[in-house]
Amino acid sequence: MPARIEPPARHAVRDNGLARTPPMGWNSWNKFAGRVDDAAVRAMADAMASNGMRDAGYVYVNIDDTWEGERDAQGNITTNRKFPDMKALADYVHAKGLKLGIYSSPGPNTCAGYEGSYGHEAQDARTYAAWGIDYLKYDWCGARNIYTDAEMPAVYQKMGDALLATGRPIVYSLCQYGREDVWTWGADVGGNLWRTTGDIRDTWDSMTRIGFAQDSLARFAKPGHWNDPDMLEIGNGGMSADEYRTHMSLWSILAAPLLAGNDLRAMTPEIRDILLNREVIAIDQDAGGKQGARAWQDGDREIWTRELADGSRAVALFNRGDAPASITARWASLGVRARQARDLWAHQDVSPGSEHTATVPAHGVVLLRVTR
C-alpha cells in the first residue's frame, strides 16, 4: 500500500449548482460490468438519442469501473485499450445531445482493481475536465484499506474541491453504500447524490429490500442533493413487468436518480414503455425536490405519497404480496384533497370520490397523481 496521506481539515464545499432534479441516464455496470468498452458506450449513446430516452430526460451516459489504464510519467491517468481516446468518446456523446460520466475511487485502486485517484485528486479532476467529462461516480472500495469510515467525509471532500476547481460542471456521485450516515454530510462535501445502500441486484427481494427501506431518509433530499438507492435494473430480465413498474414507481416516489442499467439496443416495447413513461418520470423530476414517504401499511400492502411542486400529490398503492390485493386510498386519512386523479400507468383519469380502491397485481403498483 502507498504511504498514508492525512485527510484534509473539514469545510463546507460550495454547491456546484447541478442536478436540481435527480440525474437521469444510463450506467454500464449492471449489464456490461468489466466488458464495457468504447463501442458499447457509443452504441448506448446512439440508442438513447434515437429511442426517445434522451428526449425523456435520460442524458448521462456513465462509464463505470474498468476503463482505467496506468499513470504516465507525469502522474496523469490514462485509459486502457478498451477506451483508446476518451476525449473523442466524450465529443461523440456530446454530439448526440448527451453527457458523459466516468468512475474512480478515493483509494489507490478501484473495486475491480484498476487505478484509483489516491494522491491524484486534483490532477484527475483536471484530466476529466479536459476530456469533457460531465459526471463522476466516486467509489469508496480501495480507500477502506487506508482510511476509517469516520475519515470518509474529509476524503470525499478532497474530490469535491478538486471538481469545483476545474471550472467544469461535473455532477459528483458519492458511492460508499450508505456508510457513516452519508445523507447527513454528503451535500457538505460537494455531493449531488449519495448511495444509501449496498449494490442492487436484478431480483424482487433485492429491489424491494432497498427501495422500501428509504422512508426515514426523506428529509435529507432536496434539489441538487439526492438519496441514491442505486441504479435501475429494469429490462435486465430478473423481474416481471409488474415488478419493474413497481421499481420505476418507487424510485420516482423517492426522487431517486433514474440510471438505466440494461442494454438499450435490445429493449422490448414493454420495457421501453416502463422506462419512458413521461407521466411517471414527471413525478421523479418534480421541481419541488421533496422525497416521498410511506403513509400507510397493512402487511404486504403499502401506500406511499409524495408532495409535488404544483400542490398535487403522487400516491402509490404497492402490493408486495404474492397474490392480487385490494388497496383503498382514503384521501382524508392520507391528508390528500382530491378533486382529480389520474392513473399514470393506465394513462387515464379516474374518479377520485372520497377514496380510491384498486385491485393491485401481485408485486405490482397503481400510481396516481391526485390534484386538489
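Structure: above.
Residues numbered from 1 in each chain as written. Predicted model: local features only at pLDDT ≥ 70, side-chain atom pairs only at ≥ 80, totals over all residues. Heavy atoms only, no water.

Undergrad: Explanation requested: the sheet that holds strand 8 (residues 193–195) in the structure shown.
TA: In a beta sheet, neighbouring strands pair by backbone hydrogen bonds and run either parallel or antiparallel. Taking strand neighbours across the sheet as the criterion, the eight strands line up as 9-8-7-6-5-2-1-10 in an open arrangement whose pairing is parallel. On the outer flanks of this sheet lie strand 9 (226–228) and strand 10 (258–260), each paired with one strand and no other. Taken over all neighbouring pairs, the strand axes of this sheet differ in orientation by 25 degrees on average, direction set aside. Of the strand pairs in this sheet, strand 7 (residues 171–175) and strand 8 are connected by two bridges, and their pairing is parallel. Paired with leucine 174 across the two strands is tryptophan 194, which belongs to strand 8. Where helix 4 (residues 86–95) meets the sheet, it contacts strand 2 (60–62) and strand 5 (99–104), and its direction lies at approximately 140 degrees from that of strand 5. Across the sheet, helix 5 (residues 121–131) lies against strand 5 and strand 6 (135–139), angled at about 160 degrees from strand 5, the strand it touches most. (Pairing = 2+ DSSP bridges. Helix = DSSP H or I, 4+ residues; strand = E, 2+ residues; numbered from the N terminus. Axes fitted to C-alpha atoms, helices over the stretch in contact; angles between N-to-C directions. Contact = heavy atoms within 4.5 Å.)

Undergrad: Is there a simple way to think about the sheet that holds strand 11 (residues 293–298) in this case?
TA: Spatially, 11-12-13-18-15-16 is the arrangement adopted by the six strands of the open sheet, whose pairing is antiparallel. Strands with a single pairing partner mark the edges of an open sheet, and in this sheet they are strand 11 and strand 16 (348–350). On average, adjacent strands in this sheet sit at an angle of 25 degrees to one another, irrespective of strand direction. Sheet topology places strand 12 (residues 301–307) next to strand 13 (residues 313–319); seven bridges connect them, and they run antiparallel. Along strand 13, the bridge assignment pairs arginine 306 with alanine 314.

Undergrad: Please clarify how the pairing of strand 3 (residues 68–71) should be interpreted in this entry.
TA: Two faces belong to every sheet, and in a regular strand the side chains alternate between them. Pairing of strand 3 with strand 4 (residues 77–79), which is carried by two bridges, proceeds in the antiparallel orientation. Directly across from arginine 71, in strand 4, lies its bridge partner isoleucine 77. Linking two consecutive strands that pair antiparallel, namely strand 3 and strand 4, is a turn of five residues; a positive phi of about 90 degrees is found at glycine 75 within it.

Undergrad: Help me understand the environment of arginine 342 in this model?
TA: Mapped onto the fold, arginine 342 is located in strand 15 (residues 340–343). When its relative accessible area of 26% is taken as the criterion, arginine 342 is described as partly exposed. In the structure, arginine 342 is positioned ten residues away from proline 352 in sequence and 8.6 Å away in space, judged by C-alpha atoms. When near neighbours in sequence (up to four residues on either side) are disregarded, arginine 342 contacts Glu279, His347, Gln348, Asp349, Val350, Leu367, Leu368 and Arg369. At 3.1 Å, the side chain of arginine 342 forms a polar contact with the backbone oxygen of histidine 347. (Buried < 20%, exposed > 50% of the residue type's maximum accessible area, 1.4 Å probe, protein only. Polar contact = N/O pair within 3.5 Å; in protein donor to acceptor, adjacent residues only side chain to side chain.)

Undergrad: Please explain helix 2 (residues 38–50) as it appears in this structure.
TA: Every α-helix winds through 3.6 residues per turn, so residues three or four apart in the chain are directed the same way. Helix length check: helix 2, at 13 residues, gives a terminal C-alpha distance of 19 Å against a target of 18 Å (1.5 Å per residue), a fit within 8%. Where helix 2 is concerned, the buried positions are Asp38, Ala40, Val41, Ala43, Met44, Ala45, Ala47, Met48 and Ala49. If you follow the buried residues of helix 2, they end up packed against strand 1 (24–27), helix 1 (29–32), helix 3 (53–56), strand 2, helix 4 and strand 5. Positive backbone phi, at 95 degrees, marks glycine 52, one or two positions downstream of helix 2. (Expected span 1.5 Å × (residues − 1).)

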